[in-house]
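An overview of the molecular structure
As a plain string of letters, each chain reads:
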Protein chains: 2
Amino acid sequence: MSDLFERHQALLDDALNALRVRGFWSAFPEAPSGKIYGESAKADGLAAFEAALKSAYDLPGHPETKRVGNEESAWMSALGITYPAADADMLVKASAAAGEAWAMASIEARIGVCLEILVRVNKASFEMANAVMHTTGQAFPMAFQAGGPHAQDRGLEAVVVAYDEMTRTPASAIWEKPQGKAAPIVMEKHWSVVPRGVAVMIGCQTFPTWNGYPGLFASLATGNTVIVKPHPKAILPLALTVRIAREVLTEAGFPADVVLLGADEPGAETTKDLVRHEGVEIIDYTGSNAFGDWVRQNAGAAQVYTEEAGVNSIVIAATDDFDGMCANIAFSLSLYSGQMCTAPQDIFIPKDGIETDQGHKSFDQVAEGIAAAVDGLLSDPARAAGVCGAIANPVTLERIAKARSLGRVVRDSAGLGIEQSASPLIIAVNEADAETYGAECFGPISFVVAVEDAPAGIKRAARLAREKGAITAALYDTSEERIGQAVQAFAKAGVNLSVNLTGNIFVNQSAAFSDYHVTGANPAGNASLTDAAFVANRFRFAMWRRLKAA
Amino acid sequence: MSDLFERHQALLDDALNALRVRGFWSAFPEAPSGKIYGESAKADGLAAFEAALKSAYDLPGHPETKRVGNEESAWMSALGITYPAADADMLVKASAAAGEAWAMASIEARIGVCLEILVRVNKASFEMANAVMHTTGQAFPMAFQAGGPHAQDRGLEAVVVAYDEMTRTPASAIWEKPQGKAAPIVMEKHWSVVPRGVAVMIGCQTFPTWNGYPGLFASLATGNTVIVKPHPKAILPLALTVRIAREVLTEAGFPADVVLLGADEPGAETTKDLVRHEGVEIIDYTGSNAFGDWVRQNAGAAQVYTEEAGVNSIVIAATDDFDGMCANIAFSLSLYSGQMCTAPQDIFIPKDGIETDQGHKSFDQVAEGIAAAVDGLLSDPARAAGVCGAIANPVTLERIAKARSLGRVVRDSAGLGIEQSASPLIIAVNEADAETYGAECFGPISFVVAVEDAPAGIKRAARLAREKGAITAALYDTSEERIGQAVQAFAKAGVNLSVNLTGNIFVNQSAAFSDYHVTGANPAGNASLTDAAFVANRFRFAMWRRLKAA
């Protein structure tokens, strides 16, 4: 069974090294290229996706009392796929039963299985890209990258942090205590990893794999069994993951039920039953703060790891590249129509304007500069659809409609020629309108907020992060002193800060093996991807010891 | 401020190495010897203790709205010491205010302060031994070892695990992402440690320092401020610790209020106010399961680390050293009159007896062998008092009185010539009496339980650990095959197992830098001293990044 471990030893070593260096490193190529993935990979992936449509998804041996499935696509008709389903109790029992063998496996056997799953998921990246595109509304290029290789890198990161955590102390030791002139006491000690038990990973609709893999693989690698509970509108990407996981588990001699699918339908979700189930020991959750609150309060003794939401801010104090700044912000606002937990919502700009390489710019000129950059980015309809994709949830369209009356419209939102789509809406408000811009407005809605000066903007943004949560913050400034003060203010608010981004790198982006995603230090989540705390509490060491024969 | 770090660098390095090796290592000598601690140390420590009696304990600058203190000693009259006290709100505010500077300090500055505190607490070990002896009822030798050097080692372990956790990833990195034929994107990234905020450490009466230091120092080292909330009957050992901590903090230029004392009196405890206070982010608790439950349910969003209680078992399957086994168990039952969270309570013995080096021994002969060994150990009154010490809480004496009727008395409990003392009570029961032996009976009360055979005993003991919690388990056996099965069964129950202990090493003992204390994997506690999980979640990393100039 440790054949798989040996097979992937080099990958593991490289990834361990990357964890320590924290520079750029990626195991799974992000380019949807035939040269990398095989010339037929694109066509094969599409064919595999299409073969799954309008049929019963096959998960051999999976517990099943009924079939569920009601997924729709912004890009075509309903998917028409049904998945095996069972109630929470049946799933937890099956998961616990499979856990007997999984918990007894060696660290190497489990890590080998996890790595093999990820490598096979990577090979299925084109099939996955189609699955992600049609359940999330992302355009194909983003669905490939974020739903495929980037998610796989995040999963790998969790596996490797788990391996590091389980092996950084020895599995056995000799303890020799001097006794003065008498012979020393010599004991042998042995430690083993004890997993917590059954884990539930609750996925979200917008990034089912990217946000789901860290919890899934952190639990799995540390010996827990996992019930994967997809969002009812984005089941396929996780069902595909579960199918591959079960195949690898079976081939390696483990029960397939080590990984289960907890599929359900909108209006008949099983999430609450799973969260409240006393047999569940770990819960990973990505989603709204409101339901996150409910999860944390109803999880009983289970360990809960959340990524929730917040209000991300940009503060514009000054810039020596006005066009580059506007273009960079425009892309961050437009990408997947702001449906990223990392997308900026509030842009704080001094009411008297800022200094730039193009001279002084008034508040309105800065706001208009950003709006114009959005217009430019989205001027070509094909590119616009490729950047923005579709809107995953109709509620977001209603939110945009309401937001128009919240202030002065600087840039209006419009459809993009695909069903259920919307370009960025930019609304101008004043610092006093904190009830407006201080509430999370998920989707392509942003506020340019006139503040007294740059420090006031930093103070306001940091306070929002502390009180409402924030996953990202950005600053444009030319003063090293003010940058230093902002660095401290945002660190205290527990939010990661990007300074003066221009060109092809964006505040929305969080890279595995380098950027921790979410800090866990403000209300936007209680955990961080992937630090030691995210993994270390999913297992325990148990020891046995005895005197060592002389 | 990092002078202190440099001063203790060698100690830190040695301790880091010990963590990785997990053999025997100790920074603070356990022998109460004048050669080590100075010829006058014993007399000086006693004098310092006596000088504190019947007076107002001085903690310069400590928040104070009133004085409290109602400590008693089993060895002399009441202590008559009063401590400064304030309500929870005042303490939390003072702690948070002090946290501004503490959070901004470098890792090295904080670690240096923590190490200096521990080294100074070590120098005060004789004063501490008197403080521990007179508040816990421990005899002097144990009060010195467990309350002094062993507790200091546990505190050091927490500091060093925290240092390791904060520094295992770099504070900055260069991230360089290739862009095909274009110039790579190059970013600089910087991470800082963000503490959670205000921590509360809730101490217990029996081991105020040993059980308190890990949480106190883990929180402190990771940048949190700590309110030390002692048991109202054992304030002095922690007040002494707080005094030294505040002295070191002040000398190093930090606010003394980084460490505060939350003293109170029996019947007017402030613990619940502190636990429910929304300004508290971390809680460490040692005590009963009942109150532990309450803490976990009322702590809000605070991280809670508990060491609670359980039912520890010994299973006797066979032995090739009957006398050694009986003597070893006798000591474990007698030490501090069973008032250790690691003391055995249930001894499972096959109803038809066991094979030994002295031939077959019936159930009764094994039980009587243990009872006789207890008698022998305690035959000399001075030694008996030295081993057993006093009973910390009168409720324990009532429990002993009631326990006599729970089964057949194999060995009766008796006073030891010091106030409020009791030797071990041993009661024989049957496996069916699970309600009796399955409930925790804190103090010198143990049950010899007749089981069908050794595997039945292992099964029963492991199940008790899973359901009621257990911190230790012990096994006597001569069959390697059965030992292997027991190792698996107890590991699954999340309990550390000692096999065939004889001589001067006991199941009750848990050594810093080698043994993890409590696993956190059964109801006897949700945390383990001191694994990465105990420390890693007390802080977060926050990053800032920007493009690096070419």
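1. Here we look at the overall build of chain A
Counting its secondary structure elements, chain A contains 21 helices and 19 strands. What you see for chain A is a C-alpha radius of gyration of 25 Å, in line with the 24 Å of a compact globule of 550 residues. Overall size of chain A, expressed as C-alpha extent along the three principal axes, is 80 × 70 × 45 Å. When each of the 550 residues of chain A is scored for burial, the buried share is 62%. Counted over contacts in chain A with a minimum sequence separation of 6, partners at least 24 positions apart contribute 73%. Element-wise, carbon and sulfur atoms account for 52% of the exposed surface of chain A, whose accessible area totals about 18,900 Å². Considering chain A, the positive charge centre built from 45 side chains and the negative charge centre built from 63 side chains are found 6 Å apart.

2. Topic: the packing of aromatic side chains
In this description, an aromatic ring pair is defined by two values, namely the gap between the centres and the angle between the planes. Taken as a whole and assessed by the stated rule, the structure comprises 38 aromatic pairs over all chains. Ring geometry for B:Phe348 versus B:Tyr437: centroids 5.6 Å apart, planes at 85 degrees, classification edge-to-face. A residue pair is termed long-range when its members are at least 10 positions apart, and B:Phe348 in strand 11 (residues 346-350) and B:Tyr437 in helix 18 (residues 434-437) qualify at 89 residues. These aromatic residues form a ring-pair network of at least three members: A:Tyr37, A:Phe126, A:Phe140 and A:Phe144. Stacked on the ring of A:Phe140, the Lys or Arg A:Lys42 has its end atom at 5.8 Å from the ring centre. Directly above the aromatic system of B:Tyr516 lies the positively charged group of B:Arg22, at a separation of 4.1 Å from the ring centroid.

3. Some points on the sheet that holds strand 18 (residues 496-499) of chain A
Pairing in this open sheet of ten strands is mixed, and the strands run 14(A)-15(A)-16(A)-11(A)-10(A)-17(A)-18(A)-19(B)-4(B)-3(B) from one edge to the other. Strand pairing shows two members of the sheet lacking a second neighbour, strand 14 (408-411) of chain A together with strand 3 (172-179) of chain B, which therefore form its edges. Sheet twist, expressed as the average angle between the axes of neighbouring strands with direction ignored, equals 25 degrees.

4. Details of the pattern of salt bridges
Residues and elements named next belong to chain B. If you walk through the whole model with that rule in mind, you get 68 salt bridges over all chains. Linking Glu157 and Arg22 is a salt bridge whose minimum nitrogen-to-oxygen distance equals 3.9 Å. Of this pair, Glu157 sits in helix 9 (residues 149-167) while Arg22 sits in the loop between helix 2 (9-21) and helix 3 (34-37), and the two are 135 residues apart along the sequence. Put simply, Arg411 and Asp375 hold a salt bridge, and the shortest N to O gap is 2.6 Å. Of this pair, Arg411 sits in strand 14 (residues 408-411) while Asp375 sits in helix 15 (residues 363-377), and the two are 36 residues apart along the sequence.

5. Examining the packing of helix 7 (residues 125-136) of chain A against helix 11 (residues 236-251) of chain A
Residues and elements named next belong to chain A. Between helix 7 and helix 11, the least distance of the axes is 8 Å, while the angle of their chain directions is 150 degrees. Judged by the angle between their axes, helix 7 and helix 11 are roughly antiparallel. On helix 11, the residues that touch Glu127, Met128, Ala131, Val132 and Thr135 of helix 7 are Leu236, Pro237, Leu240, Thr241 and Arg243. Split by residue class, the contact of helix 7 with helix 11 holds six nonpolar, two polar and two charged.

6. Quick word on the relation of the copies chain A and chain B
If you rotate chain A by 180 degrees and push it 0.0 Å along the axis, it lands on chain B with an RMSD of 0.0 Å. What we have between these two chains is a two-fold relation. Across chain A, the smallest distance between a C-alpha and the rotation axis is recorded for A:Ala533, namely 3.0 Å. In this assembly the copies share their binding face: 100% of the residues contributing to the interface of chain A also contribute to that of chain B.

7. Observations concerning the nonpolar core
As a rule of thumb, soluble globular proteins bury nonpolar side chains together. Of all hydrophobic cores here, the largest spans 144 residues; its most connected members are B:Ile111, B:Phe217 and B:Ile316. Element by element, the count of residues in this core is highest for helix 6 (residues 107-123) of chain B, at ten residues. Dropping the residues within four chain positions of it, B:Ile111 is found in contact with B:Phe5, B:Leu12, B:Val159, B:Tyr163, B:Met166 and B:Ala221. The next biggest cluster of nonpolar side chains, apart from the first, holds 104 residues, and it includes A:Leu156, A:Phe217, A:Ala252 and A:Phe254.

8. Let's talk about the confidence of the model for chain A
Taken residue by residue, chain A gives an average pLDDT of 97. The fraction at 70 or more is 100%. Note on the complex model: pTM 0.97, ipTM 0.96.

9. With respect to the environment of A:Arg20
Tracing the sequence through the fold places A:Arg20 in helix 2 (residues 9-21). Separated by 255 residues in sequence, A:Arg20 and A:Val275 place their C-alpha atoms 34 Å apart.

10. Considerations on the pairing of strand 8 (residues 280-286) of chain B
All names here are of chain B. Within strand 8, six of the seven residues are buried, leaving the element largely enclosed by the surrounding structure. Relative to strand 8, strand 5 (residues 198-202) is paired through five bridges, and the arrangement is parallel. Along strand 8, the bridge assignment pairs Met201 with Asp284. Here strand 8 pairs with strand 9 (residues 303-307) via five bridges, running parallel. Residue pairing in the sheet places Thr286 in a bridge with Glu307 of strand 9. Taking the sense of rotation as the criterion, the β-α-β connection linking strand 8, helix 13 (residues 289-298) and strand 9 turns out right-handed.

11. A closer look at the interface of chain A and chain B
Contacts between chain A and chain B engage 69 residues on the former and 69 residues on the latter. A per-residue breakdown of the area chain A buries against chain B is headed by A:Phe24, A:Arg540 and A:Arg545, which together make up 12% of the total. Scanning the region where chain A abuts chain B turns up 16 salt bridges. A:Arg546 is paired through a salt bridge with B:Glu480; the nearest N and O atoms lie 2.9 Å apart.

12. Thoughts on helix 17 (residues 394-403) of chain B
All names here are of chain B. Among the residues of helix 17, Thr396, Ile400 and Ala403 are the ones counted as buried. When helix 17 is viewed along its axis, its buried side chains cluster within an angular range of 65 degrees and face the same direction. Residues of helix 17 that are buried make contact with strand 15 (425-430) and strand 16 (445-451).

13. Considering the side chain of A:Arg196
Residues and elements named next belong to chain A. Tracing the backbone through its elements, the reader meets Arg196 in the loop between strand 4 (182-195) and strand 5 (198-202). Nearest to the buried, unbridged Arg196 among oppositely charged side chains is Glu281, at 5.1 Å. If we ignore the near neighbours within four places in the chain, the residues touching Arg196 are Asn224, Glu281, Ile282, Gln303, Asn537, Arg538 and Arg540.

14. Thoughts on the environment of A:Gly417
Note on placement: A:Gly417 falls in the loop between strand 14 and strand 15 (425-430). Here the alpha-carbon distance between A:Gly417 and A:Ala385, two residues 32 residues apart in the chain, equals 7.7 Å.

15. Digging into the packing of helix 8 (residues 140-147) of chain A against helix 9 (residues 149-167) of chain A
Residue and element names in this part refer to chain A. Interhelical geometry of helix 8 versus helix 9 gives an angle of 10 degrees and a closest axis separation of 3 Å. Taken as axis vectors, helix 8 and helix 9 run roughly parallel relative to one another. Contacts from Phe144, Gln145, Ala146 and Gly147 in helix 8 reach Pro149, His150 and Ala151 in helix 9. Considered class by class, the residues forming the contact of helix 8 with helix 9 number four nonpolar, three polar and no charged.

Parameters and conventions
- Residues numbered from 1 in each chain as written.
- Chains lettered and ligands numbered in written order.
- Predicted model: local features only at pLDDT ≥ 70, side-chain atom pairs only at ≥ 80, totals over all residues.
- Heavy atoms only, no water.
- Helix = DSSP H or I, 4+ residues; strand = E, 2+ residues; numbered from the N terminus.
- Rg over C-alpha atoms; globule rule 2.2 N^0.38 Å.
- Buried < 20%, exposed > 50% of the residue type's maximum accessible area, 1.4 Å probe, protein only.
- Contact = heavy atoms within 4.5 Å.
- Areas by Shrake-Rupley, 256 points an atom, 1.4 Å probe, with all protein chains shown as cover.
- Lys, Arg positive; Asp, Glu negative; His and termini not counted.
- Charge placed at Lys NZ, Arg CZ, Asp CG, Glu CD.
- Phe/Tyr/Trp six-rings, centres within 6.5 Å; stacked < 30°, edge-to-face > 60°.
- Lys NZ or Arg CZ within 6 Å of the ring centre and 35° of its normal.
- Pairing = 2+ DSSP bridges.
- Axes fitted to C-alpha atoms, helices over the stretch in contact; angles between N-to-C directions.
- Salt bridge = Lys/Arg side-chain N within 4 Å of Asp/Glu carboxyl O.
- Parallel < 35°, antiparallel > 145°, perpendicular 65-115°, else oblique.
- Nonpolar A, V, L, I, M, F, W, Y, C, P; charged D, E, K, R; others polar.
- Least-squares fit on C-alpha atoms with pLDDT ≥ 70 in both.
- Core = buried A, V, L, I, M, F, W, Y, C linked by side-chain atoms within 4.5 Å.
- pLDDT = per-residue confidence, 0-100.
- Right-handed = clockwise from strand over helix to strand, strands pointing away.
- Buried area = accessible area lost by both parts, 1.4 Å probe.
- Arc of directions from axis to C-beta.

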